[in-house]
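Notes for the structure review
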There are 2 protein chains.
Amino acid sequence: MSGIESLDILTEQFARLPGIGRKSAQRLAFSLLKYSPEEIEAFIGAIRDAKEKIHRCPTCQNLTDRDICPICSDPGRDRTVICVVEDARAVMAFEKVRSFRGVYHVLHGLISPMSGVTPDALSLRELLLRLEDASVREVIVATGATTEGEATAMYIARLLQPLGVKVTRLAHGIPFGGELEYADEITLSRALEGRRDFD
Amino acid sequence: MSGIESLDILTEQFARLPGIGRKSAQRLAFSLLKYSPEEIEAFIGAIRDAKEKIHRCPTCQNLTDRDICPICSDPGRDRTVICVVEDARAVMAFEKVRSFRGVYHVLHGLISPMSGVTPDALSLRELLLRLEDASVREVIVATGATTEGEATAMYIARLLQPLGVKVTRLAHGIPFGGELEYADEITLSRALEGRRDFD
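Residues numbered from 1 in each chain as written. Chains lettered and ligands numbered in written order. Predicted model: local features only at pLDDT ≥ 70, side-chain atom pairs only at ≥ 80, totals over all residues. Heavy atoms only, no water.

Focus on the overall build of chain A
- Check the secondary structure of chain A and you find seven helices and six strands.
- Here chain A has a C-alpha radius of gyration of 21 Å; the compact-globule value for 199 residues is 16 Å, and the former is much larger.
- The dimensions of chain A, computed from C-alpha atoms along their principal axes, are 65 × 50 × 35 Å.
- For chain A, buried positions account for 41% of its 199 residues.
- Restricting to contacts in chain A with at least 6 residues of sequence separation, those with at least 24 account for 48%.
- Working note: accessible area of chain A is about 11,800 Å², and carbon and sulfur atoms make up 55% of it.
- Counting 25 positive and 29 negative side-chain charges, chain A places the averaged centre of each group 1 Å from the other. (Helix = DSSP H or I, 4+ residues; strand = E, 2+ residues; numbered from the N terminus. Rg over C-alpha atoms; globule rule 2.2 N^0.38 Å. Buried < 20%, exposed > 50% of the residue type's maximum accessible area, 1.4 Å probe, protein only. Contact = heavy atoms within 4.5 Å. Areas by Shrake-Rupley, 256 points an atom, 1.4 Å probe, with all protein chains shown as cover. Lys, Arg positive; Asp, Glu negative; His and termini not counted. Charge placed at Lys NZ, Arg CZ, Asp CG, Glu CD.)

Given below as structure tokens:
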């Protein structure tokens, strides 16, 4: 509390953003006060512009500023393999490594009873619609290895298996560069479970 | 780079803010995309409102939304002692502990040759004007114990001493709860230099 109402309201707004604590929120509010009027308009303009232009791709639900996202409209991508991810950042992560040539489906969240996120908040209806196309042969469920990521993966696997489509998940194990002595028990036991032949 | 221009521009805007790295900036940009139109307007409104209403107090240069800030207009404050601080956050820190009953002068920065901040960027002219009032008997230079804080304190001390006003600085030493074995050498030698009689 600064004793200046409009400053406290601005601090409050920053504190609502993810990963921003009270101290950081105040620092950010103060730094905007130092902006010139032009800088303020550039900041506000960037927010309005992004909100106005960015929407979900009608096919994969990823964020895009085009009618159909560049991945869905790329004729070089394999439409028979769909990689299901939590959000647009996961798509970016996969695209950066360039080892996946299929298409995506973005859930926009993970099932979380704790936060009140139920399956109908995710874009699962849109995923089921895509699977009406019989050419889809595999769905890779690529949610994170967190409690919510795994619960969501299990839910999707059970939802899709009756449809006869192959449903797979990412391998779990020791991360690259990971030393065994620093691996936690769950990671270690999963790495053991998932062991493979040398090929 | 997300491949979505307006998202990259928004990310860039967040990355300009202090203490926000590229990853955090992207996270913040994404989180705004999830806001409802009403939430976006509340965020933008808070920015505009703070910028419009908050200005410097004509006396102490502290940020305020009133003509004269609440401290300068409080008849209970001792106008003969001025505490010189870097910014409005330092004022808040002092006001929280409530042990200072004088008034403040906010520099809005520290001298920093590295970042190109010269003395004339600080509100020193306004401080000199206040000292024309002969009733001021002490100026406490309360900048931080950093290289820039100390350089600024030295500069101000040299600037004010010819005026005949008493110029003091904060005590340096072991912080409350600080264990000697964790104190760095400079802190320790300052604590020794500044040693006092038991009273």
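Thoughts on the relation of the copies chain A and chain B
- Superposing chain A onto chain B takes a rotation of 180 degrees plus a shift of 0.0 Å along the axis, which leaves an RMSD of 0.0 Å. The two molecules are tied by a two-fold rotation axis, judged by turn and shift. Within chain A, the C-alpha atom positioned nearest to the axis of rotation is that of I44 of chain A, 3.3 Å from it.
- In this assembly the copies share their binding face: 100% of the residues contributing to the interface of chain A also contribute to that of chain B. (Least-squares fit on C-alpha atoms with pLDDT ≥ 70 in both.)

Thoughts on the domain arrangement of chain A
- Assigned domains of chain A: these are domain 1 (5-53) and domain 2 (63-197).
- With centres defined by C-alpha atoms, the gap from domain 1 of chain A to domain 2 of chain A works out at 33 Å. (Domains from an automatic or database assignment.)

Brief notes about unusual backbone geometry
- Unlike most non-glycine residues, H108 of chain A shows phi in positive territory, near 60 degrees.
- The residue H108 of chain A is located in the loop between β4 (102-106) and α5 (124-130) in this model.
- One non-glycine residue, Q61 of chain B, lies in positive phi territory at about 70 degrees.
- Take Q61 of chain B: it is sitting in the loop between β1 (55-56) and β2 (63-64).

Remarks on the packing of helix α3 (residues 37-53) of chain A against helix α1 (residues 5-15) of chain B
- Their axes nearest at 8 Å, the elements α3 of chain A and α1 of chain B cross at an angle of 150 degrees. Read as a crossing pair, α3 of chain A and α1 of chain B show a hand that is left-handed. On the side of α3 of chain A, the interface is formed by A42, F43, A46, I47, D49, A50 and K53 of chain A, while α1 of chain B contributes S6, I9, L10, Q13 and F14 of chain B. (Axes fitted to C-alpha atoms, helices over the stretch in contact; angles between N-to-C directions. Left-handed = near helix turned anticlockwise from the far one by under 90°.)

Some remarks on the interface of chain A and chain B
- Counting residues at the interface gives 44 residues for chain A and 44 residues for chain B.
- For the pair chain A and chain B, the summed buried area comes to about 4,300 Å², and 68% of that belongs to carbon and sulfur atoms.
- Here chain A and chain B share four salt bridges between them.
- The salt bridge partner of R16 of chain B is E39 of chain A, with a shortest N-O separation of 2.8 Å.
- The tally of links from chain A across to chain B stands at ten residue pairs in polar contact (both at pLDDT 80 or more).
- Taken together, the elements giving at least two residues each to the side of chain A that touches chain B come down to α1 (5-15), α2 (22-33), α3, β2 (63-64) and α4 (88-97) of chain A.
- Considering each element in turn, the side of chain A that touches chain B owes the most residues, 13 residues, to α3 of chain A.
- Broken down by class, the residue content of the side of chain A that touches chain B amounts to 25 nonpolar, seven polar and twelve charged. (Buried area = accessible area lost by both parts, 1.4 Å probe. Salt bridge = Lys/Arg side-chain N within 4 Å of Asp/Glu carboxyl O. Polar contact = N/O pair within 3.5 Å; in protein donor to acceptor, adjacent residues only side chain to side chain. Nonpolar A, V, L, I, M, F, W, Y, C, P; charged D, E, K, R; others polar.)

Notes on the packing of aromatic side chains
- Under the definition given, this model contains eight aromatic pairs over all chains.
- Grouped by ring-pair contacts, the aromatic residues F94, F100 and Y104 of chain A constitute a single cluster.
- Stacked on the ring of Y35 of chain B, the Lys or Arg R16 of chain A has its end atom at 4.8 Å from the ring centre. (Phe/Tyr/Trp six-rings, centres within 6.5 Å; stacked < 30°, edge-to-face > 60°. Lys NZ or Arg CZ within 6 Å of the ring centre and 35° of its normal.)

Brief notes about the pattern of salt bridges
- Inspection of the entire model under this criterion finds 20 salt bridges over all chains.
- Note that R48 of chain B and E41 of chain A form a salt bridge whose closest N and O atoms lie 2.6 Å from each other. Taken as a pair, R48 of chain B in helix α3 (residues 37-53) and E41 of chain A in helix α3 lie in two separate chains rather than in one.
- Accessibility expressed as a relative area gives 40% for E41 of chain A, which makes it partly exposed.

Concerning the nonpolar core
- F14 of chain A together with F14 of chain B are the most contacted members of the largest nonpolar core, which has 46 residues in total.
- At the level of elements, α1, α2, α3 and α4 of chain A together with α1, α2 (22-33), α3 and α4 (88-97) of chain B are the ones that each hand at least two residues to this core.
- Beyond its immediate chain neighbours, meaning those up to four positions away, F14 of chain A contacts I20, A25, L28, A29 and L32 of chain A together with F14, L17 and F43 of chain B. (Core = buried A, V, L, I, M, F, W, Y, C linked by side-chain atoms within 4.5 Å.)

Examining the sheet that holds strand β4 (residues 102-106) of chain B
Residues and elements named next belong to chain B.
- One open sheet accounts for four strands, arranged β4-β3-β5-β6; its pairing is parallel. Each of the sheet's edge strands pairs with one partner strand only, and the pair in question is β4 and β6 (166-169). In this sheet, neighbouring strand axes are inclined to one another by 25 degrees on average, regardless of whether the strands run parallel or antiparallel.
- Note that strand β5 (residues 138-141) and β6 share four bridges and pair parallel. Looking across to β6, one finds that V139 is bridged to V167.
- Each of β3 (78-85) and β4 is contacted by α4, which is oriented at about 160 degrees to β4, the strand it contacts most.
- Against the sheet, helix α5 (residues 124-131) makes contact with β3, β4 and β5, and its axis sits at roughly 150 degrees relative to β4, the strand it touches most. (Pairing = 2+ DSSP bridges.)

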